[in-house]
Amino acid sequence: MNTQKQIILIVALLFMTVGGCAAYAAIDLPVRSESQQTWTMDQSRERGALLYANNCRTCHGNRGEGGVGLPLDTPEFKNQDPLVLAANKAMLRRTLYCGRAGTRMPAWLNTNGGSLNTIQIEHLINLITAPEDTEVDGVPTSKWWLEAEHFAHNLNTELTALVSGDTLTTIARQHGIGYAEISAANGNRNVDEVLPKYTRVRIPGFSAMPNGYVYTVYKDNETLRKIADAQFVGPVIIADLNGLKYTYEEKRGVATMQLLTADGQPRAGLFPGETLQLPQGATYIIAAGDTPSSIAQQHGIAVADLRQLNPDIFNGVADTAELEHRRRLNLPNLVYVAKEGQTLAEIAEMHGITDVAALATLNNLDPASPVVNPGQEIRLPSGTRYIVGLADTWQSVANDHKTTVADLARANNADPATPLSQDVVIRLPKIDRYTVKGQSLEEVAAGFSNVTAATLAEANGIQANSILAIGTALKLPDSAWGTAPPDAINPGTACVQYAIPNAVFETLPGLGTPVSITKPDNFSTDVKIDAHASDWTVIADGQQQPPNQGGVKVKPGTTITFTSVVGLHNIVFNGQVQGPDLRQGDTRQITMNTPGEFKVTCDYHPPMLAYIWVEE
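First, a word on scope: everything that follows refers to the structure included in this document. (Residues numbered from 1 in each chain as written. Predicted model: local features only at pLDDT ≥ 70, side-chain atom pairs only at ≥ 80, totals over all residues. Heavy atoms only, no water.)

Attention now goes to the overall build of the protein. A tally of regular secondary structure across the protein gives 19 helices and 26 strands. Dimensions along the principal axes, computed over C-alpha positions, put the protein at roughly 110 × 95 × 65 Å. Sorting the 616 residues of the protein into buried and exposed places 39% on the buried side. A fraction of 65% describes how many contacts in the protein between residues 6 or more apart in sequence connect residues 24 or more apart. For the protein, the accessible surface area stands at approximately 32,600 Å², while carbon and sulfur atoms represent 53% of it. If you average the places of the 46 positive and of the 63 negative side-chain charges in the protein, the two averages end up 6 Å apart. (Helix = DSSP H or I, 4+ residues; strand = E, 2+ residues; numbered from the N terminus. Buried < 20%, exposed > 50% of the residue type's maximum accessible area, 1.4 Å probe, protein only. Contact = heavy atoms within 4.5 Å. Areas by Shrake-Rupley, 256 points an atom, 1.4 Å probe, with all protein chains shown as cover. Lys, Arg positive; Asp, Glu negative; His and termini not counted. Charge placed at Lys NZ, Arg CZ, Asp CG, Glu CD.)

The next subject is the packing of helix 3 (residues 82-98) against helix 4 (residues 118-128). Remark: helix 3 packs on helix 4, axes separated minimally by 10 Å, with the N-to-C direction vectors making an angle of 135°. On the basis of their axis angle, the class for helix 3 and helix 4 is oblique. For helix 3 against helix 4, the interelement crossing comes out right-handed. Together, Lys89, Leu92, Arg93, Leu96 and Tyr97 of helix 3 and Thr118, Ile121, Glu122, Leu124, Ile125, Asn126 and Ile128 of helix 4 make up the contact between the two elements. (Axes fitted to C-alpha atoms, helices over the stretch in contact; angles between N-to-C directions. Parallel < 35°, antiparallel > 145°, perpendicular 65-115°, else oblique. Left-handed = near helix turned anticlockwise from the far one by under 90°.)

Turning our eyes to something else, we now look at the pattern of salt bridges. Summed over the entire model, instances satisfying the criterion amount to 19 salt bridges. Glu249 serves as the salt-bridge partner of Lys251, at 3.2 Å between the closest nitrogen and oxygen. Residue class for Lys251 comes out exposed when judged on its relative accessible area of 55%. A relative accessible area of 39% places Glu249 in the partly exposed class. One salt-bridge network, in which partners are shared between bridges, spans Arg63, Asp73, Lys78 and Glu149. (Salt bridge = Lys/Arg side-chain N within 4 Å of Asp/Glu carboxyl O.)

A separate point is the side chain of Asn548. Locating Asn548 in the fold gives a position in the loop between strand 19 (543-544) and strand 20 (550-554). On the accessibility criterion, Asn548 (14% relative accessible area) is buried. Side-chain polar atoms of Asn548 contact the backbone oxygen of Ser534, separated by 3.2 Å. (Polar contact = N/O pair within 3.5 Å; in protein donor to acceptor, adjacent residues only side chain to side chain.)

Read from one edge to the other, the open sheet built from 5 strands follows the order 20-26-25-22-23, with strand pairing classed as mixed. The sheet is open, and its two borders are formed by strand 20 and strand 23 (576-577), each paired with just one other strand. Bridge analysis of strand 20 against strand 26 (residues 610-614) gives 5 bridges, and the strand direction is parallel. Following the sheet pairing, Lys553 is matched in strand 26 by Trp613. (Pairing = 2+ DSSP bridges.)

Along the chain, the position of Tyr52 falls in helix 1 (residues 3-55). According to the relative accessible area criterion, Tyr52 is buried, its value standing at 1%. C-alpha of Tyr52 to C-alpha of Leu127: the two residues are 75 residues apart in sequence and 8.6 Å apart in space. If near-sequence neighbours (up to four positions away) are discounted, Tyr52 is found in contact with Arg57, His60, Gly61, Asn62, Arg63, Gly64, Leu72, Leu124, Leu127, Trp145 and Ala148.

The quantities given are spatial measurements derived from coordinates; they are silent on function.
Set out below in structure tokens:
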């Protein structure tokens, strides 16, 4: 082939290539581009479904049906009108970035203290605004909500509900059992003394090992107290005293203990309500919320016995009053040496002083001044005691109050050689009936969202009133929404412009009209109040009133029916919660016997409002 023909062929091939590319660009690329956009959006919605199952279902339900949080699987959010869609996405984006002030909805954006980045939030928005493309029980929805529900059910198989409560270990620690015994077995050595490496420690004998054994210290900062805990010295004492069966094994310094049933089978733990004897000399560490009555009842003794043995602690404390659970020290010198950066309020709190202004006056200080000077001596009122902190020692407390360790210990009838503890310890008489604390099935269910004792029992093939051993692991029902939602209320600090709920914002002067509900002239006899996603709707004698604007007047003795049509709510009268939560579909009747004006709200959804007037 000559050169001219070769040139013509090359030019022809070039034109064919260009033409083919042009045809591809004109015909195939738009189709492929649209397909790529669809694939990308589907991937985003699938990621959104997984993110939702991991983060959002606790409040909004496995498929966005709504609970403490508002429903999200709604026709309004799936509207594909471009203007409506853009507005919905903007609202959802702002809500996820900032949360909702005054509600349990937190800010989710990581730069606002949340755990999601902007891309993850877009995935969630794409899930919520996906168009309707399938049906469930005749109700239109999006297949991506079904995907979210599928992920939720898979996550439920990974979660376990544990029955919590007392164990032999926690009982022994709270009652100081085992420490005196290990001390006696080792020459009455101080149980809090740090032991040198290679010290040989004698573990006292018990039924499984009558001669005990020798434990060798290999770690730093080990004490007899820590060794007693790790080697189950206290638990085996309680088990032997009560004839409990167990297995015990020790290998290379690591001990294991397993409780057994009467026929020798392993059991998870003690049973709630089970009673135990405790050894003579047992003490008790006061816990938050303890009262003289509660301690006496749990230990099967009289309050008078506690008062007789512990006059300083129980003096002047009513039987049902809460006891101090953090140790307070008498101060031989009523002076505190301020540290850098401390405020007068902090110093007052450390000493249980509630009147900061009086403390300021005593020291000729301005109570509004935020910081006191380091080294400044702050005089303390007569009778002030110091609340022991976690890292405090006898020496540090003495230095802070310009006294000596000897004088401080003497003022508290204490041994300065014993490490300073935050615990308040009381003496006990011989205990023959300590009642084991543990959770009921209802209490276990309360730790999860959308779970009741009945559904938990059904998922595990047991009865709802079953008493289960502490430590028993339970499967969650498919309908569970994960762990219970947090109680924290969003303070609105993530985004200042949205620092108050919109319902409140609209009532501010010049920005909206405050909600005003007028008392009706006539009495009603047939009254229903329905809860929807975010409103109370009053239906009086068959007449439905506008959402969140309803009011009704009734005579004493009138029964009002409350129904949760959508979501999870609680009924609140004038700030007081009326009974347990209303789950979706629940109905409750409340008889209004007391005359007065009752503002009806819901803690979970601040905009919800209704009024009931009860008059003769």
